[in-house]
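The primary structure of each chain is shown beneath.
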There are 4 protein chains.
Amino acid sequence: MRKSDKVIITCAITGSLHTPTMSPYLPITPQEIIDQSVEAAAAGAAILHLHARDPIDGRPSPDPDLFMQFLPQIKQRCDAVINITTGGAPGFSEDDRLAAPLRALPEMTSLNMGSMNFGVFGLADKYPEWKHPWEKPFLEASKRFAANHNFALIERIIRELGEGHGTKFEYECYDLSHLYNVAHFAERGLIKPPFLIQGIFGVLGGIGPDLENLTAMKQTADRLFGNDYYLSAFGIGRMQMRFLTLSAMLGGNVRVGLEDSLMIGRGQLAKSNAEQVAKIRTILTELGMEIATPDEARAMLALKGPDRVAF
Amino acid sequence: MRKSDKVIITCAITGSLHTPTMSPYLPITPQEIIDQSVEAAAAGAAILHLHARDPIDGRPSPDPDLFMQFLPQIKQRCDAVINITTGGAPGFSEDDRLAAPLRALPEMTSLNMGSMNFGVFGLADKYPEWKHPWEKPFLEASKRFAANHNFALIERIIRELGEGHGTKFEYECYDLSHLYNVAHFAERGLIKPPFLIQGIFGVLGGIGPDLENLTAMKQTADRLFGNDYYLSAFGIGRMQMRFLTLSAMLGGNVRVGLEDSLMIGRGQLAKSNAEQVAKIRTILTELGMEIATPDEARAMLALKGPDRVAF
Amino acid sequence: MRKSDKVIITCAITGSLHTPTMSPYLPITPQEIIDQSVEAAAAGAAILHLHARDPIDGRPSPDPDLFMQFLPQIKQRCDAVINITTGGAPGFSEDDRLAAPLRALPEMTSLNMGSMNFGVFGLADKYPEWKHPWEKPFLEASKRFAANHNFALIERIIRELGEGHGTKFEYECYDLSHLYNVAHFAERGLIKPPFLIQGIFGVLGGIGPDLENLTAMKQTADRLFGNDYYLSAFGIGRMQMRFLTLSAMLGGNVRVGLEDSLMIGRGQLAKSNAEQVAKIRTILTELGMEIATPDEARAMLALKGPDRVAF
Amino acid sequence: MRKSDKVIITCAITGSLHTPTMSPYLPITPQEIIDQSVEAAAAGAAILHLHARDPIDGRPSPDPDLFMQFLPQIKQRCDAVINITTGGAPGFSEDDRLAAPLRALPEMTSLNMGSMNFGVFGLADKYPEWKHPWEKPFLEASKRFAANHNFALIERIIRELGEGHGTKFEYECYDLSHLYNVAHFAERGLIKPPFLIQGIFGVLGGIGPDLENLTAMKQTADRLFGNDYYLSAFGIGRMQMRFLTLSAMLGGNVRVGLEDSLMIGRGQLAKSNAEQVAKIRTILTELGMEIATPDEARAMLALKGPDRVAF
Ligand SMILES: [Zn+2]
Ligand SMILES: [Zn+2]
Ligand SMILES: [Zn+2]
Ligand SMILES: [Zn+2]
């Protein structure tokens, strides 16, 4: 692992997993996404990981026009690295998933490193009433759903965005197998270090929320990539902050944000993404660590720079 | 982990991954499957893990009639436990995958514990000529393919075969996440211990063929299941025998067979399934271990017995 | 591991490793030990781990009379559990090491679980001048020194203090072998659960200050003790707070104090033991954990109670 | 870890742990040591690890004259690398331990990497009668004994034998801490790679005989030494062959011999060292591995060669 002198905080602002019923603070409209992004950057996030949502009903949307309603404004108002999802949501075609990234050509995109079950159906029973009719069926559908990130799709994303436009990837790894998939593309010469390995713990269908698993992931990545990768990690839900803390203590980086957890403490909704950024920043500072600026993150990850994006 | 006093050898006779071009010893016809199964049982296999193939071109087949051409004969000629795949192959519908098991109602079936990429496309370039036209496209298709074992399908298999007919499962775990999926169904009370956890190492798309990963899998299963599971494991291809040996040395069980590797040594095709059974038996015996009989395996795994199957 | 609902903070007030030159805040006299102990308890320490020092030159001392100059006062002024070292220092005889504990018959004592090198000679070159002439030779002597905690001595401590007087132990484990030594005495029935396993990381001669080692220690203890132990841990020096944080995040407990580190941050001496207690309390509270009171610690560890000590 | 293309088998012929009562096959006299050494080399041992014993009563002896009664003859009759213990036995002074190595100046010596308890007292109750009166008290004494391998002694051995005479070391590591001790001397520049790390599992007082511990040792060594070390390992007693097998399967090397276990199977004494060498050779060959010759071992370990020893 390449040890981080300073910790890169990525903030995943809204995602496509949570639904409007779950928290009034989940940003939905372009304006909300802009405001929470800028605020998160001010609080210390060096990278903003972004999805779009339909401004009317909050449903995840692949529409590039929607993305273009917030990307330029965020860029104007802060210097954080912008990272656009390629993960999409159930029902998105492969072309859908690539549409916004190919329009915006950002410095980074996410890249899911393997197909998997992604079981959020447990949330479907937790809310007696829903703001929008799509929410409950959307969650229930995850029971029958295999999130499809096959090798051909991964290769296409690498070729079109990476080779084609100098975009670098947040390699989303939901289990140890996904590290081997990264290694597969590295061995074929299609991707170049340093790799930002984003370990994700606690999705039903992925590796579980036991901290030992982060150690196991680091040990596996050390074997596969030696000094050629940066570690980052997060836990879903209740274990969110513990995974962040351990990742940073191991010399890695962290990701927070309402995409990954809506809470700021037990039974307490986070009022904003920035609140989560501030919380992890407090913990890391108490532990004697420093936080990377966007430009420090760019240097570490060898990004192309904000002047080479299409927004 | 529940330590095995005696090691259960499962033999996976033909599978649906390898194709006829790859080895003349791969059993294809019902008679070949019968003969190799009986021979493997005689060599020490307590469990026979079975797929069917089209007798004309060797293509994986879900046809229950085909299964019924070999199941009764194997049962007559040996007392090994019969375990039928529910994993199928690309192109099989969910009903296809359940057809033969629901006809035969065997003591055991396999149960893939999560969706995943299953990348065998690398084999498509290794053979200059093919016996059958379906083979190369079949392998290449794995590049675009996510093997779909979603939660709803797993639950259906558990309910129809397990609850419905007392069938027990070989929980095929290609990564640590799959253990958490087993735990999910155990917590919901849908499955009962002891669980036979079958760790699979070295498929592209699954956890890789480093022996450390088997230790990590055992440590994770120990956390999740305590004393409620038996471990078994195998490596795909070149590392096959090493994973078997380690699993048994850790107090677990093993799976061999031409489904998992066509070789018996470097550059040397195995002439039969029995040859692989004999090899691992030699190694385990040298290491001071004993091999479980079919009835000892039945007792360990709490199987319903061969008198309660439908063939 | 038995998960702690609330985290027990042990504070090791002065120890026998650091010397007066290293920090003006290191408590030396009985009064200093009293004041810092009471303050640490007020800050959240449930257990106070105590050594004595010669009030004139700060040298570690086994003199029970010295201990009796601070134990009663600490007991009067706070309700923390009192834990007396049996570890001693180079030059102490076995009788020396047992003298104070056998006089005071405390609720707990430390118990070093194996002989080892204990290399603090590196500190001998870090200070150009020394307050007292004994300090530098004392540190240098650790190069030729094997800290002797042989099986017979451990058994004697267990029999005289444990069986004889109901004292419970803080099992100080400087490596995985020490866990097996605990298991040895448990198998012989000489000690009873729950065990408080105190993992110590970063002494030269013991297991090193990599966080992965704490995971390895937990995994080993889980194998050996199942649910029969509580984990606690600390790092020596710079990694102190990170080990505490990880231990608590894993469901374990923590030990702080000037015995283990003189610092509160990079290049910054801690002004008191209480300052370190407060710091870890802040971190754990941010992570959503609660701190155990002395009586909660007594209940968890099944201690005999402060009314059954001899001071 | 530096992967071994071929596996180096070290054979530890007699040691100083077992006593004559325990097996009639334990070599005692110079002639017995010669014969079993030569036979072990013929069976495949590339390195012979040697202690001397008093030819009258079998007691471990540091006498260089005794060593010189077998070293030249072994050298004449086989080309195996000769490795002399520096570990000694209870009662040996530091000068005793160095006497034979400094006389013989072998290509290799052992080097115990830390002080520890070494508890063989459990054997004292297993034999109703003893051949020699020294045996039982010798074993019982291990209860009060800390094997002393302090930093100053290790440094002396490194300087006198390593720097002084080009001897390379078998770094005997009984726990993870011992790896950190090796790293300490490597950081100070006193020793040079490649290091032969010999992991020892199952001595009471050292790390225990669970195979997971070998994985943990490899992971720790990988962190500390990267590609600068060769792994070797063995288990004491019943687990001997399993540790050898795992070490080799991980890409490491092995040590057998009557020093480490007197058995060849459950309840069955090994009739010679060669019998153990042959057994592990069979297992490794079945697993597809090749065995290193003495000259291949010399090349791997960068030894000075048999022409530069003093016998
Ligand atoms: Zn996302
Ligand atoms: Zn199968
Ligand atoms: Zn202490
Ligand atoms: Zn030896």
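None of these values were measured; they are calculated from a predicted model. (Residues numbered from 1 in each chain as written. Chains lettered and ligands numbered in written order. Predicted model: local features only at pLDDT ≥ 70, side-chain atom pairs only at ≥ 80, totals over all residues. Heavy atoms only, no water.)

Laying chain A over chain C is done by rotating through 180° and shifting 0.0 Å along the axis; what remains is an RMSD of 0.0 Å. One copy is carried onto the other by what is essentially a two-fold rotation axis. Of every C-alpha in chain A, the one belonging to I283 of chain A sits nearest the axis of rotation, 3.0 Å from it. A share of 100% of interface residues in chain A that are also interface residues in chain C marks the association as one of identical surfaces. (Least-squares fit on C-alpha atoms with pLDDT ≥ 70 in both. Contact = heavy atoms within 4.5 Å.)

Turning our attention to the side chain of S142 of chain C. Residue and element names in this part refer to chain C. With respect to the secondary-structure elements, S142 resides in the loop between α5 (135–140) and β9 (146–147). Of the polar contacts made by the side chain of S142, one reaches the backbone nitrogen of V120; its length is 2.9 Å. Once residues within four sequence positions are removed from consideration, S142 is found in contact with F118, G119, V120 and F121. (Helix = DSSP H or I, 4+ residues; strand = E, 2+ residues; numbered from the N terminus. Polar contact = N/O pair within 3.5 Å; in protein donor to acceptor, adjacent residues only side chain to side chain.)

The subject of this paragraph is the interface of chain A and chain C. With 19 residues of chain A at the interface, the matching set in chain C holds 20 residues. Carbon and sulfur atoms make up 62% of the area that chain A and chain C hide from each other, which totals about 1800 Å². For E286 of chain A, the salt bridge identified is with K279 of chain C, shortest N-O distance 3.3 Å. Inspection of the region where chain A meets chain C yields five residue pairs in polar contact (both at pLDDT 80 or more). Broken down by secondary-structure element, the contributors of at least two residues to the side of chain A that touches chain C are α8 (211–225), α9 (240–249) and α10 (273–286) of chain A. (Buried area = accessible area lost by both parts, 1.4 Å probe. Salt bridge = Lys/Arg side-chain N within 4 Å of Asp/Glu carboxyl O.)

This part is about the coordination of the zinc ion (ligand 4). Each angle at a metal carrying four tetrahedral donors should ideally be 109.5 degrees, and each at a metal carrying six octahedral donors should ideally be 90 or 180 degrees. Distances from the zinc ion (ligand 4) to its protein donors, H49 of chain D (NE2), H51 of chain D (NE2), E259 of chain D (OE) and E259 of chain D (OE), fall at 2.1 to 2.7 Å. Metal-centred angles of 52 to 122° between the four donor atoms at the zinc ion (ligand 4) mark the site as irregular. (Donors = N, O, S within 2.8 Å, 3.2 Å for Na, K, Ca; no water. Tetrahedral: all angles 85-135°; square planar, octahedral: opposite > 155°, others 65-115°.)

Looking at the secondary structure, you find N213 of chain D in helix α8 (residues 211–225). Classification of N213 of chain D as buried rests on a relative accessible area of 2%. Apart from residues no more than four positions distant in its own chain, N213 of chain D is found in contact with L176, Y180, T220 and R223 of chain C together with F201, I207 and G208 of chain D. (Buried < 20%, exposed > 50% of the residue type's maximum accessible area, 1.4 Å probe, protein only.)

Turning chain B through 180° and shifting it by 0.0 Å along the axis lays it on chain A, with an RMSD of 0.0 Å. Same-surface contact between copies: 100% of interface residues of chain B are shared with the interface of chain A.

This part takes up the pairing of strand β7 (residues 108–112) of chain A. All names here are of chain A. Of all five residues in β7, five are buried; the element is thus mostly enclosed. As paired strands, strand β6 (residues 81–84) and β7 are joined by two bridges and run parallel to one another. By the bridge assignment for β7, N83 is matched with M108. The pairing of β7 with strand β10 (residues 168–173) spans five bridges and is classified as parallel. Its bridge partner lying in β10, L111 is registered against Y171. (Pairing = 2+ DSSP bridges.)

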